[in-house]
Amino acid sequence: LHVQANATIDVAPDQATLNARLWERTPAQVQGEESSGDSDAIKEARDRLESRTGELIRTLENAGVDSKRIRAGSLSVRPDIVQSGNRGDDDTPPKVRTQVERSVSLTLNDLDRLPRVLDALTAAGVDSLDGVSYGLQDSDAADDRALKQALERARQKAEMMADTLDVDLGDVVNIEETTAPRYQPQMMMRAAAADSGSGSSAAEYRSGEISIDAGVSVTWEIDD
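This report concerns the structure included in the present document. (Residues numbered from 1 in each chain as written. Predicted model: local features only at pLDDT ≥ 70, side-chain atom pairs only at ≥ 80, totals over all residues. Heavy atoms only, no water.)

All right, on to a nonpolar patch on the surface then. On the surface, Leu151, Val172 and Ile175 cluster together into a nonpolar patch covering about 250 Å² of accessible area. In this fold, valine 172 is placed in strand 8 (residues 168-182). Owing to a relative accessible area of 37%, valine 172 belongs among the partly exposed residues under this scheme. (Patch = residues over 30% accessible without salt bridge, like charges linked within 9 Å, V, L, I, M, F, W, Y side chains within 5 Å. Areas by Shrake-Rupley, 256 points an atom, 1.4 Å probe, with all protein chains shown as cover. Salt bridge = Lys/Arg side-chain N within 4 Å of Asp/Glu carboxyl O. Helix = DSSP H or I, 4+ residues; strand = E, 2+ residues; numbered from the N terminus. Buried < 20%, exposed > 50% of the residue type's maximum accessible area, 1.4 Å probe, protein only.)

Right, dumping it as structure tokens:
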């Protein structure tokens, strides 16, 4: 007797990950023209960037983020083409500048701190905030729950089928996962809620729930 079964569980996330980027740029110059001050300009941009990165990390720590949960990425340097406003003027040579950039990511295990941390990132003047993704601190435990429910569902189906056909289930001879438990981090949902007392609006951050799917295939012998 061969049975396939699936199960889906919804779990409230208990972890949030934020990714931000900081960058500095050198003055734009005509592409192809060399300048003796290029290296100095890059060094000045890098110094500004490192200073801002350090200030951002201190701001996050003051907002209650554990320093072990803050990860500052390595420095990246790349050319940045400046778009000309005169699109129809083909004689205008393009300009280029150098952009130095660092990424900063952090993980929060206390979701109540999220609004304060987002305010801290805004106050620190990050150049890009790539959103918030919600996840689970112990995803293995949630995966096990989904897989267990799928196996229980498979047994229920097998018992129902055996009872309907008036046969007895024997030993299990084969078990296989057809859908391995997995989940995708949930992106942040934001809604504006009016403050009836002051007439202003405040941001609400709703994590929603994470769905975890699991599937199994089980085969029983039929007792003679």
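Taken together, Asp163, Asp166, Asp168, Asp171, Glu221, Asp223 and Asp224 make up a surface patch of like negative charges. Breaking the negative patch down by element, the ones donating at least two residues are strand 8 and strand 12 (210-223). With respect to the secondary-structure elements, aspartate 166 resides in the loop between helix 3 (139-164) and strand 8. Accessibility expressed as a relative area gives 70% for aspartate 166, which makes it exposed. (Lys, Arg positive; Asp, Glu negative; His and termini not counted. Charge placed at Lys NZ, Arg CZ, Asp CG, Glu CD.)

You can see threonine 107 is positioned in strand 6 (residues 95-108). Note on threonine 107: relative accessible area 9%, which makes it buried. Filtering out sequence-adjacent residues up to four positions away, threonine 107 remains in contact with Gln15, Ala16, Thr17, Arg69 and Arg71. (Contact = heavy atoms within 4.5 Å.)

Tracing the chain through its elements places alanine 154 in helix 3. Taking the relative accessible area as the measure of exposure, alanine 154 reaches 0% and is therefore buried. Along the chain, alanine 154 and serine 217 lie 63 residues apart, while their C-alpha atoms are 7.6 Å from each other.

What follows is about the pattern of salt bridges. Using the criterion set out here, one finds twelve salt bridges in the structure. The shortest N-O distance in the salt bridge between arginine 21 and glutamate 101 comes to 3.5 Å. Residue arginine 21 is found in strand 2 (residues 15-25), and its partner glutamate 101 is found in strand 6; the two are separated by 80 residues along the sequence. Aspartate 80 serves as the salt-bridge partner of arginine 25, at 3.6 Å between the closest nitrogen and oxygen. Remark: aspartate 80 occurs in strand 5 (residues 76-82) and arginine 25 occurs in strand 2; sequence separation between them is 55 residues. It is possible to trace a salt-bridge network through shared partners that takes in Glu24, Arg48, Arg52 and Asp127.

Let us now look at helix 1 (residues 38-62). Since the α-helix advances by 3.6 residues per turn, residues separated by three or four positions end up pointing in the same direction. For helix 1, which comprises 25 residues, the first-to-last C-alpha distance of 36 Å matches the rise-based estimate of 36 Å (1.5 Å per residue) to within 8%. Contact partners of the buried residues in helix 1: strand 2, strand 4 (70-72), strand 6 and helix 2 (114-123). Backbone geometry just downstream of helix 1 places glycine 64 in the positive-phi region, at approximately 100 degrees. (Expected span 1.5 Å × (residues − 1).)

Looking now at the sheet that holds strand 1 (residues 2-11). If you walk across this open sheet you meet the three strands as 1-12-8, and the pairing is antiparallel. The open sheet has two edge strands with one neighbour each: strand 1 and strand 8. When the angles between neighbouring strand axes are averaged without regard to direction, this sheet yields 20 degrees. Bridge count for strand 8 against strand 12 is nine bridges, and the pairing is antiparallel. Bridge pairing links valine 172 to tryptophan 220 in strand 12. The sheet strands contacting helix 3 are strand 1, strand 8 and strand 12, and the helix crosses strand 1 at an angle near 145 degrees. (Pairing = 2+ DSSP bridges. Axes fitted to C-alpha atoms, helices over the stretch in contact; angles between N-to-C directions.)

Below, the discussion takes up the packing of helix 1 against helix 2. Viewed as axis vectors pointing N to C, helix 1 and helix 2 meet at an angle of 155 degrees, and their least axial separation amounts to 9 Å. What the angle tells us is that helix 1 and helix 2 run roughly antiparallel. The handedness of the crossing between helix 1 and helix 2 is right-handed. The segment helix 1 lies against helix 2, with Leu56, Thr59, Leu60 and Asn62 engaging Arg116, Val117, Ala120 and Leu121. Partitioned by chemical class, the residues of the contact of helix 1 with helix 2 number five nonpolar, two polar and one charged. (Parallel < 35°, antiparallel > 145°, perpendicular 65-115°, else oblique. Left-handed = near helix turned anticlockwise from the far one by under 90°. Nonpolar A, V, L, I, M, F, W, Y, C, P; charged D, E, K, R; others polar.)

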